[in-house]
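Residues per chain are reported as follows:
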Amino acid sequence: MQPHQNDLNKFLYPHSSYRGQVKPENLLFNANLQEFAQKVSYIANLETSGKLSPEEAYSQIKILWKRLKMSKKELKIGSQTLLDK
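Parameters at a glance
Residues numbered from 1 in each chain as written. Predicted model: local features only at pLDDT ≥ 70, side-chain atom pairs only at ≥ 80, totals over all residues. Heavy atoms only, no water. Salt bridge = Lys/Arg side-chain N within 4 Å of Asp/Glu carboxyl O. Buried < 20%, exposed > 50% of the residue type's maximum accessible area, 1.4 Å probe, protein only. Helix = DSSP H or I, 4+ residues; strand = E, 2+ residues; numbered from the N terminus. pLDDT = per-residue confidence, 0-100. Patch = residues over 30% accessible without salt bridge, like charges linked within 9 Å, V, L, I, M, F, W, Y side chains within 5 Å. Areas by Shrake-Rupley, 256 points an atom, 1.4 Å probe, with all protein chains shown as cover. Lys, Arg positive; Asp, Glu negative; His and termini not counted. Charge placed at Lys NZ, Arg CZ, Asp CG, Glu CD. Axes fitted to C-alpha atoms, helices over the stretch in contact; angles between N-to-C directions. Parallel < 35°, antiparallel > 145°, perpendicular 65-115°, else oblique. Contact = heavy atoms within 4.5 Å. Core = buried A, V, L, I, M, F, W, Y, C linked by side-chain atoms within 4.5 Å.

Chemist: Help me out: how do you make sense of the pattern of salt bridges in this one?
Modeler: For side chains of opposite charge, pairing can occur when their charged atoms come near one another. Evaluated as defined, the whole model comprises two salt bridges. When the shortest N-O distance is used, the salt bridge between Glu25 and Lys23 registers 3.5 Å. Taking the relative accessible area as the measure of exposure, Glu25 reaches 27% and is therefore partly exposed. Taking the shortest distance from any N to any O, the salt bridge between Glu35 and Lys39 comes out at 3.0 Å. Placement of both Glu35 and Lys39 in helix H2 (residues 24-48) is noted, with a separation of four residues, approximately one turn of the helix. Classification of Glu35 by relative accessible area gives partly exposed; the value is 39%.

Right, dumping it as structure tokens:
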């Protein structure tokens with residue numbers, strides 16, 4: 001990858017540093033969450049500029065949301081009881 005391509009990727013796909021409890025499942029979910037947020041932003045901008053219909057934007061975001069929910073379930077994020085902590 002060329003240097004300017006790396007800068008472009010950082011601009012198009014920004015990732016913030018994770019500051020929560022460092023566990024593999026938390027890190028993976030955080031990456032999924034950031035990707036979800038980035039894609040929703042792109043879809044919203046495409047809809048706002050008239051490139052996507054509101055229905056198509058909603059449909060695409062709904063699919064992304066279902067994937068994020070599945071990721072949360074598969075990684076068992078938030079499924080701990082108070083006794084496990």
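Chemist: Would you mind going over the confidence of the model for the protein chain with me for this structure?
Modeler: Fine structural detail should not be taken from predicted coordinates in areas where pLDDT scores are low. This prediction gives the protein chain a mean pLDDT of 86; 82% of its residues lie at or above 70. Considering each helix and strand of the protein chain separately, the mean pLDDT is smallest for helix H1 (residues 3-12), with a value of 70, and largest for helix H3 (residues 54-74), with 97.

Chemist: So what exactly am I meant to see when it comes to a positive patch on the surface here?
Modeler: A surface patch of positive charge is lined by Lys62, Lys66, Lys69 and Lys72. By secondary structure assignment, the location of Lys69 is in helix H3.

Chemist: What is the right way to look at the packing of H2 against H3 in this model?
Modeler: Relative orientation and spacing of two packed helices are given, respectively, by the angle between their axes and the distance between those axes. At their nearest, the axes of H2 and H3 sit 10 Å apart, and the two run at 175 degrees to each other. Judged by the angle between their axes, H2 and H3 are roughly antiparallel. Residues Phe29, Asn32, Leu33, Phe36, Lys39, Val40, Ile43 and Glu47 of H2 touch H3, and the partners they reach there are Pro54, Ala57, Gln60, Ile61, Leu64, Trp65, Leu68, Ser71 and Lys72.

Chemist: What is the right way to look at the environment of Ala57 in this model?
Modeler: Within the secondary structure, Ala57 sits in helix H3. The residues touching Ala57, leaving out its near neighbours within four places in the chain, are Ile43, Glu47 and Leu52.

Chemist: I tried to follow the nonpolar core on my own but got confused; where do I start?
Modeler: Note on soluble globular proteins: their nonpolar side chains tend to be buried together. Residues Phe29, Phe36, Ile43, Leu52, Ala57, Leu64, Leu68 and Ile77 constitute the largest nonpolar core, which totals eight residues. Secondary-structure elements contributing two or more residues to this core are H2 and H3. Setting aside anything within four residues of it in sequence, one finds Leu52 in contact with Ile43, Leu46, Glu47, Ala57 and Gln60.

Chemist: What exactly am I supposed to notice about unusual backbone geometry here?
Modeler: With the exception of glycine, the majority of residues adopt a negative phi angle, and the majority of peptide bonds are in the trans configuration. Positive phi, normally seen in glycine, also occurs at Lys76, with a value near 60 degrees. Here Lys76 shows up in the segment after H3.

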